[in-house]
Amino acid sequence: MKLMLLPTLSALAFLAACEKPPEAKHEGGPPPQPVTLAAVEEKPLVEWGEFAGRIDAIESVELRPRVSGLLTEVRFQSGALVKEGDVLFVIDPRPFQAVVDKAKGEEKRAEAQVKSAKKEFDRAGPLLAAKAISPEQAEAREAAHLQADANLAAAQAGVRAAELDLEFSEVRAPISGRVSRALVTAGNFVSGMPGSATLLTTIVSTGPVYAYVDMDENTLLQVQELIRGKKMTLDGEGRVPADVQLSGETGWPHPGWIESFDNRLDMGTGSTVVRVQLPNKEGKLTPGLFARVRLPLTAKHPLLLVDESAIGTDQSKKFVMTVNAQNLAEYRTVVPGPQIEGKRVIREGLKPGERYIANGQGRVFFPGQPVIEDKTPAGAKNTASNP
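Bear in mind that the values here come from a model prediction, so they are computed numbers and not experimental data.

Conventions used here
Residues numbered from 1 in each chain as written. Predicted model: local features only at pLDDT ≥ 70, side-chain atom pairs only at ≥ 80, totals over all residues. Heavy atoms only, no water. Pairing = 2+ DSSP bridges. Helix = DSSP H or I, 4+ residues; strand = E, 2+ residues; numbered from the N terminus. Phe/Tyr/Trp six-rings, centres within 6.5 Å; stacked < 30°, edge-to-face > 60°. Buried < 20%, exposed > 50% of the residue type's maximum accessible area, 1.4 Å probe, protein only. Lys NZ or Arg CZ within 6 Å of the ring centre and 35° of its normal. Contact = heavy atoms within 4.5 Å. Polar contact = N/O pair within 3.5 Å; in protein donor to acceptor, adjacent residues only side chain to side chain. Salt bridge = Lys/Arg side-chain N within 4 Å of Asp/Glu carboxyl O. Axes fitted to C-alpha atoms, helices over the stretch in contact; angles between N-to-C directions.

Brief notes about the sheet that holds strand β10 (residues 189-190)
Sheet strands associate in pairs through backbone hydrogen bonding, adopting either a parallel or an antiparallel arrangement.
Here's step 1: Strand order in this open sheet of 4 strands is β8-β7-β5-β10, and the pairing throughout is antiparallel. This sheet does not close on itself; its edge strands, each paired only once, are β8 (170-172) and β10.
Here's step 2: As paired strands, strand β7 (residues 87-91) and β8 are joined by 3 bridges and run antiparallel to one another. Across the sheet, the residue bridging to Val-90 is Glu-170, located in β8.

A closer look at the packing of aromatic side chains
Geometrically, a pair of aromatic rings is defined through the distance of the ring centres and the angle of the planes.
Here's step 1: A complete count under the given rule lists 3 aromatic pairs for this structure.
Here's step 2: A centroid spacing of 6.0 Å and a plane angle of 75° characterise the contact between Tyr-210 and Tyr-212, whose relative ring orientation is edge-to-face.
Here's step 3: By relative accessible area, which is 9% here, Tyr-210 ends up buried.
Here's step 4: The interplanar angle of 20° and the centroid separation of 4.9 Å between the aromatic rings of Phe-319 and Tyr-331 together place this pair among those described as stacked. Placement of Phe-319 in strand β19 (residues 317-323) and of Tyr-331 in strand β20 (residues 329-340) is noted, with a sequence separation of 12 residues between them.
Here's step 5: On the basis of relative accessibility, which here comes to 32%, the residue Tyr-331 falls in the partly exposed class.
Here's step 6: Across from the ring centre of Trp-257, 3.7 Å away, lies the NZ or CZ of Arg-239, which sits over that ring.
Here's step 7: Taking the ring centre of Trp-48 as reference, the NZ or CZ of Arg-294 above it sits at 4.1 Å.

Structural notes on the environment of Val-323
Here's step 1: Residue placement: Val-323 occurs in strand β19.
Here's step 2: In this structure the C-alpha to C-alpha distance between Val-323 and Gln-369, which are 46 residues apart in sequence, comes to 9.6 Å.
Here's step 3: Val-323 has contacts with Leu-37, Leu-328, Arg-355, Tyr-356, Ile-357 and Val-371, leaving out every residue within four places of it along the chain.

Considerations on the environment of Ser-176
Here's step 1: Locating Ser-176 in the fold gives a position in the loop between β8 and β9 (177-179).
Here's step 2: Expressed as a C-alpha distance, the spacing of Ser-176 and Lys-83, which sit 93 residues apart in the sequence, is 4.2 Å.
Here's step 3: The contacts of Ser-176, once residues within four sequence positions are left out, are Val-82, Lys-83, Glu-84, Val-204 and Ser-205.
Here's step 4: From its side chain, Ser-176 meets the backbone nitrogen of Glu-84 in a polar contact 2.9 Å long.

What to know about unusual backbone geometry
Here's step 1: With a phi angle near 60°, Gln-315 is a residue other than glycine that sits in the positive phi range.
Here's step 2: As for its position among the elements, Gln-315 is in the loop between β18 (311-314) and β19.
Here's step 3: A positive phi angle, close to 60°, is found at Asn-327, a residue other than glycine.
Here's step 4: The residue Asn-327 is located in the loop between β19 and β20 in this model.
Here's step 5: In this structure Asn-327 comes out as partly exposed when scored by relative accessible area, which is 32%.

Observations regarding the pattern of salt bridges
Here's step 1: Taken as a whole and judged by the stated rule, the model has 23 salt bridges.
Here's step 2: Across the pair Arg-294 and Asp-243 runs a salt bridge, and its minimum N-O distance is 2.7 Å. Linking Arg-294 in strand β16 (residues 290-296) with Asp-243 in strand β13 (residues 241-246), this pair joins segments that are 51 residues apart in sequence.
Here's step 3: The closest approach of N and O atoms between Lys-343 and Asp-307, which form a salt bridge, is 3.8 Å.

Brief notes about the sheet that holds strand β15 (residues 271-278)
Here's step 1: Taken in spatial order, the 6 strands of this closed barrel run β3-β12-β15-β14-β13-β16, and their pairing is antiparallel. Shown here is a sheet whose adjacent strand axes are inclined to one another by a mean of 40°, direction ignored.
Here's step 2: Across 4 bridges, β13 lies against strand β14 (residues 254-261) in antiparallel orientation. Across the sheet, residue Asp-243 finds its bridge partner in β14, namely Pro-255.
Here's step 3: Its contacts with the sheet place helix α4 (residues 217-228) against β3 (48-57), β12 (209-216), β14, β15 and β16, and it is angled at close to 110° to β12.

Here you go:
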């Protein structure tokens, strides 16, 4: 039986070899390997730098009372949107109303004194002319009149001060925005003393926000030089653009612009603060969030781009496998730059238009190995691998 199987197997192998298409062979070496080729692309682009930053509100307030007293009401829901001037807390107004009433009484007394002193002063002139009073008495009446006027002014000021304290018993929102929770509940005594006033709640503005970024000294000098030379990339309104990406996001979905640079460099960190303004129309940029901020660091200039998948690592070096006119693979050491538009910038090592292996480097084992371009569509490859 074993002797009968051998001719049969040989015949099958021969038939299979006849049905297999002929392979292209490279004379004196292994056959060319199919790889995906691409050309080194040259485009005028702007290089961007990425920085860590924090989102913060444009306006932020720690709400504290301006008078001391017993807190009687809290008139808002935690996390609610409030408008400037809304009453958020009420301090018992009765003691302040009593002070207002007393001050108004003092004002009326001072007004009566002014009227009496004025009459005495008005009579002093004729009486002095008739020598019915002495010059000293006339001067005393004048002084009494002036003093009464001063007492009235002081009483009026006391009324205004008392009315202000009464007004301050209603703690109002100084800005429009989103309020935090009430940090003190009704029934507690709160202090309005400067330097030790009780913190009642906080409010942050909604809408546009800031992103604060620390920029190192060298980058700052580079950006300032571009701005002075009028080479900096600007948006349609003449502002330096900036883009923000939150944790978990891809791309740069939150465009903004540089609002200002700080006026000095921190000697301890060797950096300065750059403030970026963002519209925040959808309200996603919550104050306090960590963000990545992208800022332009160059003018628009030609850059060489290759697919990220084409770059390999050889110990401490980066390399790209190029293909020459004879379709032989070449090892090329490169200096990569940042990633732009989904591709990697190449600083050194390649020239525009050169062909390189974008995919299939695993089939190339040594420089000089012949390759052939695999023109099979990506969709067809996936279908073939997943029947």
